[in-house]
Protein chains: 8
Amino acid sequence: MDEHALRELFERVSNGELSIEKALSRMRAAPAGEDLGDAVIDHHRELRQGHPEVIYGPGKTSAQTVKLARAIHKVSKRFLVTRTDPAQARALKRAFPKAVHDPVGRTVLALSARSAKKTGILIVSGGTSDQPVVEETRATCRYLGFAAEVWCDVGVAGVHRLLTRVEALQEARVVIAVAGMEGALASVVAGLVAAPVVAVPTSVGYGASFGGIAPLLSMLNSCAANVCCVNIDDGFGAAVVASAICR
Amino acid sequence: MDEHALRELFERVSNGELSIEKALSRMRAAPAGEDLGDAVIDHHRELRQGHPEVIYGPGKTSAQTVKLARAIHKVSKRFLVTRTDPAQARALKRAFPKAVHDPVGRTVLALSARSAKKTGILIVSGGTSDQPVVEETRATCRYLGFAAEVWCDVGVAGVHRLLTRVEALQEARVVIAVAGMEGALASVVAGLVAAPVVAVPTSVGYGASFGGIAPLLSMLNSCAANVCCVNIDDGFGAAVVASAICR
Amino acid sequence: MDEHALRELFERVSNGELSIEKALSRMRAAPAGEDLGDAVIDHHRELRQGHPEVIYGPGKTSAQTVKLARAIHKVSKRFLVTRTDPAQARALKRAFPKAVHDPVGRTVLALSARSAKKTGILIVSGGTSDQPVVEETRATCRYLGFAAEVWCDVGVAGVHRLLTRVEALQEARVVIAVAGMEGALASVVAGLVAAPVVAVPTSVGYGASFGGIAPLLSMLNSCAANVCCVNIDDGFGAAVVASAICR
Amino acid sequence: MDEHALRELFERVSNGELSIEKALSRMRAAPAGEDLGDAVIDHHRELRQGHPEVIYGPGKTSAQTVKLARAIHKVSKRFLVTRTDPAQARALKRAFPKAVHDPVGRTVLALSARSAKKTGILIVSGGTSDQPVVEETRATCRYLGFAAEVWCDVGVAGVHRLLTRVEALQEARVVIAVAGMEGALASVVAGLVAAPVVAVPTSVGYGASFGGIAPLLSMLNSCAANVCCVNIDDGFGAAVVASAICR
Amino acid sequence: MDEHALRELFERVSNGELSIEKALSRMRAAPAGEDLGDAVIDHHRELRQGHPEVIYGPGKTSAQTVKLARAIHKVSKRFLVTRTDPAQARALKRAFPKAVHDPVGRTVLALSARSAKKTGILIVSGGTSDQPVVEETRATCRYLGFAAEVWCDVGVAGVHRLLTRVEALQEARVVIAVAGMEGALASVVAGLVAAPVVAVPTSVGYGASFGGIAPLLSMLNSCAANVCCVNIDDGFGAAVVASAICR
Amino acid sequence: MDEHALRELFERVSNGELSIEKALSRMRAAPAGEDLGDAVIDHHRELRQGHPEVIYGPGKTSAQTVKLARAIHKVSKRFLVTRTDPAQARALKRAFPKAVHDPVGRTVLALSARSAKKTGILIVSGGTSDQPVVEETRATCRYLGFAAEVWCDVGVAGVHRLLTRVEALQEARVVIAVAGMEGALASVVAGLVAAPVVAVPTSVGYGASFGGIAPLLSMLNSCAANVCCVNIDDGFGAAVVASAICR
Amino acid sequence: MDEHALRELFERVSNGELSIEKALSRMRAAPAGEDLGDAVIDHHRELRQGHPEVIYGPGKTSAQTVKLARAIHKVSKRFLVTRTDPAQARALKRAFPKAVHDPVGRTVLALSARSAKKTGILIVSGGTSDQPVVEETRATCRYLGFAAEVWCDVGVAGVHRLLTRVEALQEARVVIAVAGMEGALASVVAGLVAAPVVAVPTSVGYGASFGGIAPLLSMLNSCAANVCCVNIDDGFGAAVVASAICR
Amino acid sequence: MDEHALRELFERVSNGELSIEKALSRMRAAPAGEDLGDAVIDHHRELRQGHPEVIYGPGKTSAQTVKLARAIHKVSKRFLVTRTDPAQARALKRAFPKAVHDPVGRTVLALSARSAKKTGILIVSGGTSDQPVVEETRATCRYLGFAAEVWCDVGVAGVHRLLTRVEALQEARVVIAVAGMEGALASVVAGLVAAPVVAVPTSVGYGASFGGIAPLLSMLNSCAANVCCVNIDDGFGAAVVASAICR
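So, here's what we can say about the structure. (Residues numbered from 1 in each chain as written. Chains lettered and ligands numbered in written order. Predicted model: local features only at pLDDT ≥ 70, side-chain atom pairs only at ≥ 80, totals over all residues. Heavy atoms only, no water.)

Take the relation of the copies chain C and chain D next. Of the transformation placing chain C onto chain D, the axial shift is 0.0 Å and the rotation is 180°, giving an RMSD of 0.1 Å. What the superposition gives is, in effect, a two-fold axis relating one chain to the other. Relative to the rotation axis, the closest C-alpha in chain C is found at Cys229(C), a distance of 2.5 Å. (Least-squares fit on C-alpha atoms with pLDDT ≥ 70 in both.)

Since there are 3.6 residues in each turn of an α-helix, residues three or four apart along the chain are aligned in direction. All names here are of chain B. In this model helix α4 (residues 62–76) runs 21 Å from its N-terminal to its C-terminal C-alpha over 15 residues, within 8% of the 21 Å that 1.5 Å per residue would give. For α4, every residue scored as buried is listed here: Thr65, Val66, Leu68, Ala69, Ala71, Ile72 and Ser76. Residue Lys77 follows α4 closely and has a positive phi angle near 65°. (Helix = DSSP H or I, 4+ residues; strand = E, 2+ residues; numbered from the N terminus. Expected span 1.5 Å × (residues − 1). Buried < 20%, exposed > 50% of the residue type's maximum accessible area, 1.4 Å probe, protein only.)

For these two chains of identical sequence, chain F goes onto chain E by a turn of 180° and a shift of 0.1 Å along the axis, with RMSD 0.1 Å. Looking at the interface residues of chain F, 97% of them are also at the interface in chain E, so both copies use one shared face. (Contact = heavy atoms within 4.5 Å.)

Further remarks concern the interface of chain C and chain D. With 29 residues of chain C at the contact, the number on the chain D side is 29 residues. Carbon and sulfur atoms supply 54% of the area buried between chain C and chain D, which totals about 2400 Å² over both sides. Along the contact surface separating chain C from chain D lie zero salt bridges. Counting across the chain C and chain D interface gives five residue pairs in polar contact (both at pLDDT 80 or more). Looking at the side of chain C that touches chain D element by element, the count peaks at six residues for helix α11 (residues 235–246) of chain C. Each residue belonging to the side of chain C that touches chain D can be placed in one class, and the counts come to 18 nonpolar, six polar and five charged. (Buried area = accessible area lost by both parts, 1.4 Å probe. Salt bridge = Lys/Arg side-chain N within 4 Å of Asp/Glu carboxyl O. Polar contact = N/O pair within 3.5 Å; in protein donor to acceptor, adjacent residues only side chain to side chain. Nonpolar A, V, L, I, M, F, W, Y, C, P; charged D, E, K, R; others polar.)

Time to look at the pattern of salt bridges. Residue and element names in this part refer to chain A. In this structure the tally under the stated criterion is 16 salt bridges over all chains. Salt-bridge contacts for Arg83 lead to Glu136; the nearest nitrogen and oxygen are separated by 2.8 Å. Of this pair, Arg83 sits in the loop between β4 (79–82) and α5 (86–95) while Glu136 sits in helix α6 (residues 131–143); the two residues are 53 residues apart in sequence, bridging distant segments of the chain. Comparing Arg83 with Glu136, the two get one shared label, buried.

A word on the packing of aromatic side chains. Any two aromatic rings considered together are summarised by their centre-to-centre distance and by the angle between their planes. If you walk through the whole model with that rule in mind, you get 16 aromatic pairs over all chains. Pairing Tyr56(A) with Tyr206(C) gives two aromatic rings, centres 6.1 Å apart and planes at 25°, and the pair type is stacked. Of this pair, Tyr56(A) sits in strand β3 (residues 55–56) while Tyr206(C) sits in the loop between β10 (197–201) and α10 (213–220), which puts the two residues in different chains. Taking relative accessible area as the criterion, Tyr56(A) reaches 25% and is therefore assigned partly exposed. Above the plane of the ring of Tyr143(G) lies Arg78(G), whose end atom (NZ or CZ) is 5.3 Å from the centre. (Phe/Tyr/Trp six-rings, centres within 6.5 Å; stacked < 30°, edge-to-face > 60°. Lys NZ or Arg CZ within 6 Å of the ring centre and 35° of its normal.)

Helix packing for two helices is described by the angle between their axes and how far apart those axes are. Residues and elements named next belong to chain F. Two elements in contact, helix α6 (residues 131–143) and helix α11 (residues 235–246), have axes separated by 8 Å at closest approach and are oriented at 40°. It follows from the interaxial angle that α6 and α11 lie oblique. Like other packed secondary-structure pairs, α6 and α11 cross with a definite hand, here right-handed. From α6, Val133, Glu136, Thr137, Thr140 and Cys141 reach across to α11, where they touch Gly235, Phe236, Ala239 and Val240. (Axes fitted to C-alpha atoms, helices over the stretch in contact; angles between N-to-C directions. Parallel < 35°, antiparallel > 145°, perpendicular 65-115°, else oblique. Left-handed = near helix turned anticlockwise from the far one by under 90°.)

The following block contains the structure:
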C-alpha cells in the first residue's frame, strides 16, 4: 500500500465513509503484488526502484516465463529475462516477436519506444571468454535506460592495452570491470580512475580458480579502494548497481 | 609523469632544448612518487583520484607512521591513518596535536580548514558491536569531504526499526549497510531504496560466522540487485566507494 | 525387542518355560527389523517416532523402491518416496495406482483413509525457484498428518509482501522458511513471530551461493534467535521437525 | 506502533482530533524502541516474542552493559547477559546484587519473583568439555521460564550410558543435544525419540574439528530426520528454540 | 634390484667377471618394472607388499586396461580392476571369460585357484546407498585372500539394529565401517569393540554433506579413539588396510 | 550391565528371588558408570576395549583432572592424561609423585608394575618440529603396554635417510608416520612395507599448510593404499589404533 | 607503441614534421594490438616474451578459434591451441592441414621449419592418468622451442623407479613434476636434485582430492624448498615457466 | 653413501679386502647424516643441492638451534636460521658474534669469506607491510650466494611506479614478486618480462584475504603464464627457487 492509497484511506476514515475496523482490515489485506499462483509480481518495485522486476530464467518452465513476461509487459511496456535457455527464448520470441534474444548473453529483452539512451557506464573485460557476462551486463544496462560502452579483451597480461586509453577510461562515470582468472583487472583499472569501479568476478578459468573464487577474493582485497564487488558472473547485478550510481 | 610534464617535454624537444636521447631517458626515469626508503608516496594519487593516499597502520612502526603522515601532510594539508594501535596514535598526536584520534574506529585524522561538508551518504548498521566499522567509515567519509549520517542498531530482527524511517532512507544518494551475523540488513535496505547500497560485512558473530564469511556471502547473494560489496570490516573501502559515487 | 516382548520373556523365564541360556541368546538375536536382503526395514520406527520409515529414492533401482514401498505399505498402509526419478515414479504408480506423484517436489505419496488433517504449520518461501523444496516439505507434512499452509514468493527484496500478512504469520504454531540466495527470509520472519522457525536453505542461486552454503550460513547466524536449521534443500527434514514440534 | 496505538490513531482521526497529515507523520515517527545513543532497545520484542531482549556481552564495555541491563530491567524486571567477561560480571553484580553470575556458562541472570518453572526441556551433552555451552543453555532456559533437566557426559563412545535411560529420554517434549568432536550424539538421540531434537555443535575438539565445523556438518546431515541445528556453541539459540517449541 | 640380484652383482665383481665400472652402471640401470610404454608395472610390489598391483580404471582406455591386466595376470595369475566403466568390463570379460564383473561395486576380478579364504574382516554399512562402496571393499578383500563378512543397513538412526549383534561385532579382528551422511556409525561401532575400526566415509548424502566431507570430518574426530580413516568412497583402500592388519 | 550381571539377574528371576517388575526396573537403572557430578567414568571401557579411559586435559580444571585420575587409578592402577597444561601437571605430580610428566608430549602417565613391554610398533617422523606429537604417541603406546621404537627426522627431502633402513622398516608390525608440511612421508613409507601405516598429519608448517589440512589431504589421498589416517596432531589416536592392530 | 616507434615519433617532432598536439594524440591512440572484434591479438607479446600468444580453446567457437589461429600464424608462422574440443580440432586441421592434433593432450600445434630443438627440460609424472597434462606440457614446450624428455608413471608408491635413474634426473636443467593424488612426487624429486622443480598438481584422484586441492597444497608445502607450483592441471603454464628458466 | 664411497666399496670388494657380506651390511648401515639425537643433519644436501641445510626456527629451543647451527657451521662454514624468535637470535649471537641478525626478516645469517656475490635476482614488493617477507628472501639469497636487487612498494594501485622502470625489470634473470591483498603484482610484472616470475603471496591483508589465500589463488590463476608460486609468506622458498634458476 503506497503513500497515495494510505492517504486515501485516512481521508475515507475522516469522511466517515469507512469504519475503523474496515480500515484496519484493509491495511492488513492490501495486495503486495499481482499474484500469479506460484509467483507474486512486485509491481511496486518500479515505484520504489525505478525499474520493473527482471525475470530470472533458471528453474522456470517456458510457460511460466511467458506468463511472467506478459504480466510485467502489460504494466510496464518492457521486460528482461536473464539466463534464458533456448526453449524459453523461443517461447518468448513467439509471444513477443519484437523482443531481442541474445544467445551469448542469454537474455531476451523487450523495450518500449521511450527508452532513453543515457551514458556514463563503461564495461571493460579481461578476455573473450568473459563475453557472456559482458553481454548480460550490456543488455541489463539497456533495459535500465543506459547505452554502456564496452572494451573487450584488455586484461593485465598486456597492460599497455589499457594504458593507451587512460583518458577515455577516466571520463567514465562508473566502470564495470569483468574478469576471471586472477581478476587483477579491477585493481589496475581502479588505480587509474577516480570513478567507482563495480567488479564482476567470472567463472572463467580452471583448477584453483574454483569457479570464480579466485577473482572474487582478488576483487574484495583490491589494493585500490574505489572497488566494490558483486556475485560471480553477476552481470545483471553490476548493471543494476552502475545504473543506480548514474541515476 | 603527468600530462603537463609530458607536454613540456615535447615542447623542449621541439625547441631543440632537449636531445631525443635525453627525452627518452627522462621519460623512463620520471619519479613515480616520493621515495622514503621503505615506502614510495604516490602524490599523483590526489590528481588521479581526488584524495591523497591513506596510511594503513598495521605492520608499521610508530616512527614510520609519523614519517608517512608528515610527507603526506606537507603536500596535501591533511592525512588519515586507519587501524592505528595506541602507540601509533600517541606518536601521531605528539606530532600533530590538532589531529583527532578515535579509539573506537581506530583512526587518526587531520583535516585542513577548507574541508567541505558534502552530504548524501547514509550509514546504517545492524548492532552496537559493528560500531568500530561504522566509525572507520564515518572518519574516512569526513577525510574525503563528506559528513555521513549514521543510524545504528537497526538490524532485521526488529525490522520495524527500519520501516518507520523509510522516507529518510529513500532520500540518501548512497546507503552504506554495515552488518555482521547473517548480514540480512543489506538486502532489506536495498529492497526499500533506488540508490546503490554499499554493503560491509563485519566479523561480528561467532561459530559459523567464520570471521565474517557468513555476511559476506549473504551480501554477495542479495536478492535485491542494487547491492555491491566490499571486504570484511572494510569501512575504509566502503567510504571510498560511496564518496566516488557521490562526487 | 520392545517392552512387551521383554516382559513376555521374563514371564516365560519365571514360569520355567524358557532356560536362562535360551533367554540370553534370544535377546541377542531379536530381529532388528524386516530384512529384505540389501535393506533392513525398521518397523519399530513407527512405535518410536510415530511414523513409518520414508524411502529416499536416489541410488535405488525402481524394483528396489517398489519392494521397499510394498513392505512398508503392508504394515503401515501408507508410504512416502522422496527424490524419485521418473522411472521410479512410473514403477510406483503401476504398483500403487492410487499413490500421488508430484513431479515438482519429486515425491510419490500413498496415504490411508484415516490420515487426519492437523494444522499449525506454515511454509513461506523466498521465490518461485524454491518450489521443489516447498513441495517436498508439503508432501512430507501430509504424510505425517499435517495440512501445511503455503505462502510462496514472499522474499525480503519486497519485505512489504510479508508485513501485510503479519497477523496470519503470528498465528502459526511453527513456520518453515524456505529460501536460497542470501536466505534472509528466515531472520526477517523470525523477528516477527514468537513461534519456532525451521529454516531450509536451498541451492537456488549461483556463484558465491556455493550450492546453498550462503543461505545455510545466513540461517545459522540469524540475529533472531528462534531459528533452527536443517540441511540444504532438506524439505523432508524440515517437515519432520515441524511435525514433531506440532505433535 | 502496536495494534492498540494504531487503533487509537484511527479513532482520533475519526473523531477529528487529529488531522490526516499529522496521523501520517506520527505513523512514520513512531519510536521503534528506546534509544540509548549507541543502542536501541526493542521493548516491543516482549510483545512479539514473549521475552525481553537478551544482552550479548562481547564488544561492549562494562558501562554499556550495565546501562542496557538497567533499561531492560526497568521495563521487564529481569535480564540476561550472555558471554560476559569477568569485568562485565563484576559491574553487573555491583549494580544488581541479586543477579546470579555463572562463570562456567559466562552468564549473568536476574529474574523476577514470578518466574514460573515450566518443564519439558532435556539437555544432553557428549562430554565435560561441553559444560560451558550446557550452562549457557540452562541459564537461558531459566530466563525464558523453563527449568531444563541436564544429563552430562553421555557421548556415543559409550552408547550404553544413553540406552539405560531411554524411557526418560522419550518423555522429553524437546531434547537439546550438545556435542563437539564428531557430534554423533544428536543422531543417536534422535533415533530413539519422537520429539524434536535441537542440536548444538560445540567447538570442543582440535585439528580437523575446525572449530566446530565437524559436528555442525554431522548434525546437518543426521540420518535421523527429527534434528534441527543452531550455530556452533550457540547454547542461547538452542534454548530460545526449545522454549518456543514448549510454549 | 632386489637382495638376490645385488648379491649376485657383488659375487661377479668379486670373481672378476664384472668390472667395477660396469657394476656401477648396472646398478643405476636396474629395471624398476615392466615398461609398457605409458605405464610401468611394479612387479616388485608383490614381493614388498604381498599382492600385485591393482588397476584403477578411470582415465584408461579399454585396450590399456586389458593390456595391463594381461601383464599382471601373466606374472601373478590374478588381477583386480576397480572403478571400471561398462566398456572396460566388456573388454576384460572377452579377454578373461572366467573373470567376475560386479556392476554394483564396479570391479572386475580374476582369481587363481589357490586363493585362500581367510577371515576376520567384518564390513558394516549405514544404508543401502552405500552398497557400491561395500562391494568394492568386499571384492578387494577377496583379491587379497579374505572372505569378509558384510552387514548392510545398520545405521545409527536405529541403533538397536547394531546392539542386538554386539557379540558378533566383538569377534571381528578388524571392522570396516562404511557410512555417508553424518558418518556416526564409525564412532558407535568403535565404542563397542576393542578391534581397530577402518572408517570409509561415502559421498552418499546431499547439501551440506559436500560430497562426503561431513562423514570424513566426523570419522576423523571420532570420540572413540580406535578409529582410523581412508579417503571418501575408498573401499579399495579400506580393504588393503584391513588385510594388512589381518596378515 | 555386563554379561555377568545380566546372567545373575535372570537367575534371580528364575529362582523367584526377584519379581519381573523389579528386574525390568533394575535393567533400566543399571549404572552406566561412576558418576562424578560433571563426568561419568566409563569403567566398562576396560572390559570392552582392553584399557581404561584416558583423560583429555583441555577444558578441565586441575582439581577436576586430579579427581578423574584418582577415580580411574583406584580401579585400574594406572592413568594417562594428554594435552596437560603446566598447572594440571603440577597438581597431578603432587597427587601421584611416581607419575611421569613429559613436557614435550604434554602427558602425565602413571603405570602399574605389571605393564608388559610388547613390541611391533615403529614411529617415524618427518622433522624435529613433530616431536610433541611423537612423544604423545610414544606415551600412549606405553600406557597401552607397548614400547614403540622411534625414528625422528627422516623426512622425504632426504629420502636416503629412510632407504638405508628399509629392512628394519619392513620388520614393523605397524608403522605410525608422523609428518607435517606436505605429509609425503606416509606415502613413501607405505610404498616400502607390507604392514599397515597409521598416518598422523601434524600442524607443523605455515601458510597453505592451513594448520595441518595439507598433510591430512595428502595422507587421505596416498597413492600407496596401505595407509589410514587419524586426526591432525592426534598422536593419542594413532597409538590406540596401532595397539589395537598389534593386540 | 615500442621503442622504435617512440624514437621515430620524437624524431618527427624534432624535425617539425609533426605538431606536439598530434604527437600527444598519436601516443594515446597507438594500437595495442590487432583488433578482431571480440578479441585483441597482442602481437607485441613475442617482442616482450619471446613467443606469440597461445589460444585457449574453451568458450570459443570453432570459427573464432580458426580466425585467431590465422591472425597469429600470419605474423608468427606458428600457433598453439590448448584445451581444444574435437570440433575446434577438426576445423583447425581443415584450415592448417600440417598442424598436429594430439587428442590426449587436447592441443593443436603448428610449427615453422626453423623450430630449434633445445633441451634441458625433464617431465616426470606419477601415473598414467596424468598423461593429458603431460602431453599438454610436452606440446607447449615444443611450441616454445624445447624437446622435453618425459618419464611416465614413476610415482612414489614405488620410489625405487625414481632412484634407479637419479643421475639422469640430476642432469636436467629444470624438472617438471606432474602428479595427482597426494602429489608427493614433487617433494621426492626436489630432494634429489639441485635444479628448480616446477610442480603441476593434477585433478587425478577422487574424494578428498577435491579436484586437485590435495596435491596443490602438498606441493606448496613441500619440505624440499626448490619447488614452485603452477595451477591445477596447468601443463601449459609449467612449460612456459620451464622454458623461461632454460632460455 | 655418495658416489665416491660406493666406488671405494667396490674397489675393496674387488681387491678382496672386504667380503661380500660385509659390503652388503655396510651399504645398509651407511649413515644418512649426522645424528644429533632429535635431529639428523643431512650433510649430503650440499652435495646434492649446492647449499647446506637451512634451520627453521619455530618449535626449537634456543639450545637446539645453536647446536644445529654449530653442526652445520663446522662442516659448511656458514648457516642460516629463518623465523627466529628474539631468544634464539640472542643465543645465536652469543655463539657466533659475527653472525648478522635481521629483526625485520627474522633471520640470523653467518657467511664465510668466500661468499660470491652473483646477480640476476630482482625482488619487487607491493607494499611496506610485505617487508618481513622481502627481507627473508633477500637474506636467503645472500646465503645462497646472490646479491638480490630490491624494489619496494610498487603495487598495482599506482601501476606507473612499475612502468617507469620497465627496462630495468626486463633485465632481471628472474623476478620474485612479493604481494599480499589481491596479489595482482605478479600478473602485471609477468606480463612485462620474458623471465620467469616466482610469486610469493603474503598474509598482508584482512577479512577475505584469509591469511594469504586471496593472493595465493590470484597468483596460481595468473593470466600471464610465466608465473610460478611458492607458499604464503615463503620468502625462503622463493629465494631457493630463484637461486636454482640462476645457477
